[in-house]
Amino acid sequence: MILTSSHHSPESKAHIESLLTHGLHWAIEQFDEVVMFADTWKDPAPLKRAWCVWELYGVSKAKKNLVVELALSAEEQDDFLQTLTHDSDAVLDSISNIDTEKSGCFNPLDKEMIDTAINESVGYHTLNDIILEELREWLMVTSVSEFQRLVPEGVDGKFDDLDNEQQLRLCMLASC
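Here's what I pulled together on the structure shown here.

1. Thoughts on the overall build of the protein chain
Alright, step 1. For the protein chain, the count of helices and strands is eight helices and two strands.
Alright, step 2. Tracing the protein chain from N to C terminus, the helices and strands come up as α-β-α-β-α-α-α-α-α-α.
Alright, step 3. In the protein chain, which comprises 176 residues, the proportion classed as buried is 38%.
Alright, step 4. Across the protein chain, every contact between residues at least 6 apart in sequence was considered, and the portion connecting residues at least 24 apart equals 75%.

2. Section: the nonpolar core
Alright, step 1. In terms of nonpolar packing, the biggest core is built from 27 residues, with Trp 41, Leu 47, Phe 80, Ile 118, Ile 131 and Leu 139 touching the most fellow members.
Alright, step 2. Where this core is concerned, the elements lending two or more residues are helix 2 (50-61), helix 3 (74-86), helix 4 (88-96), helix 5 (108-119) and helix 6 (123-150).

3. As for the layout of surface pockets
Alright, step 1. Of the voids in this model, the second largest pocket is the one considered here, and its volume is about 230 Å³.
Alright, step 2. In terms of lining residues, the second largest pocket is bounded by 15 residues, among which Asp 43, Leu 47, Asn 97, Ile 98 and Asp 99 are the most central.
Alright, step 3. Taken together, the residues that form the lining of the second largest pocket break down as seven nonpolar, three polar and five charged.

4. So, the environment of Val 91
Alright, step 1. Summarising the element assignment, Val 91 is placed in helix 4.
Alright, step 2. Sequence-wise, Val 91 and Trp 41 are 50 residues apart; in three dimensions their C-alpha atoms are separated by 8.2 Å.
Alright, step 3. With residues near it in sequence (within four places) discarded, Val 91 still touches Trp 41, Phe 80, Thr 83, Leu 84 and Leu 139.

5. Observations regarding the side chain of Ser 103
Alright, step 1. With respect to the secondary-structure elements, Ser 103 resides in the loop between helix 4 and helix 5.
Alright, step 2. Here the side chain of Ser 103 touches Thr 100 through a polar contact of 2.9 Å, landing on its backbone oxygen.
Alright, step 3. Excluding anything up to four places from it in sequence, Ser 103 contacts Leu 47, Lys 48, Arg 49, Ala 50, Val 53 and Lys 111.

6. Overview of the side chain of Ser 60
Alright, step 1. By the element assignment, Ser 60 lies in helix 2.
Alright, step 2. At a separation of 2.8 Å, a polar atom in the side chain of Ser 60 contacts the main-chain carbonyl oxygen of Tyr 57.
Alright, step 3. With residues near it in sequence (within four places) discarded, Ser 60 still touches Val 122, Leu 127 and Ile 130.

Rules used throughout
- Residues take numbers from 1 onward in each chain, read along the sequence in its written order.
- Given that this is a predicted model, residues contribute local features only at a pLDDT of at least 70 and side-chain atom pairs are listed and counted only at 80 or more, while totals for whole chains, interfaces and linings are drawn from all residues.
- As a rule here, side-chain values cover all heavy atoms of the structure and leave hydrogens and water aside.
- In this description a helix means any DSSP run of H or I spanning at least four residues, a strand means any run of E spanning at least two, and both kinds are numbered starting from the N terminus.
- Burial classification: accessible surface area is computed with a 1.4 Å probe over protein chains only, and a residue below 20% of its type maximum counts as buried, one above 50% as exposed, and the rest as partly exposed.
- In this analysis, two residues are considered to be in contact whenever any of their non-hydrogen atoms come within 4.5 Å of each other.
- Here, nonpolar core means buried Ala, Val, Leu, Ile, Met, Phe, Trp, Tyr and Cys residues that are tied together by side-chain atoms lying within 4.5 Å of each other.
- For each structure, a 1 Å grid was placed over the protein atoms alone; sets of points admitting a 1.4 Å probe that cannot get out are labelled cavities, open sets with protein on both sides within 12 Å along at least five of seven lines are labelled pockets, and lining residues have an atom within 4 Å of a point.
- Grid points are joined across faces, edges and corners, and a volume is the space filled by probe spheres set on the points.
- Residues are grouped as follows: Ala, Val, Leu, Ile, Met, Phe, Trp, Tyr, Cys and Pro are nonpolar; Asp, Glu, Lys and Arg are charged; all remaining types, including Gly, are polar.
- Here a polar contact is recorded for every N or O atom pair within 3.5 Å, except that within protein the pair must consist of a potential hydrogen donor and a potential acceptor, and residues adjacent in sequence are included only if both atoms are side-chain atoms.

See the structure below:
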């Protein structure tokens, strides 16, 4: 099925804008949970795109449970786990540098509408805090999982291959 609409008439344009500004948030309210997928752990693309930020704002406005899942390629996953075990400060620094206000948009009028709506309600600072909290949760779950992988029950090995500082960082991240 292919759907099209005429963007030429003022009525069509107003209808589409209404759907994107109000209808999208209404649809988000119908879900029990919302999942955000991202391409990389270092600088997730959805946090750089104004319309994705608009959706996250809709989640916060609807007071829905946002679940952050970073769907990473095998190479990106390996990079993340290596960084997690060898330079956890880089991981913490990366997720701490979130600023959704810097997100971009092809149409400057769309960006202006999104900025105005967010700034007149929760504000970007609060929205960043909401997203950061979910990223911390993802980091904790991922760290615990990696810790459990490195320290299987009753088996010495991979964890012992890490130096003391790496072991301590991983334990702190995994809330040991």
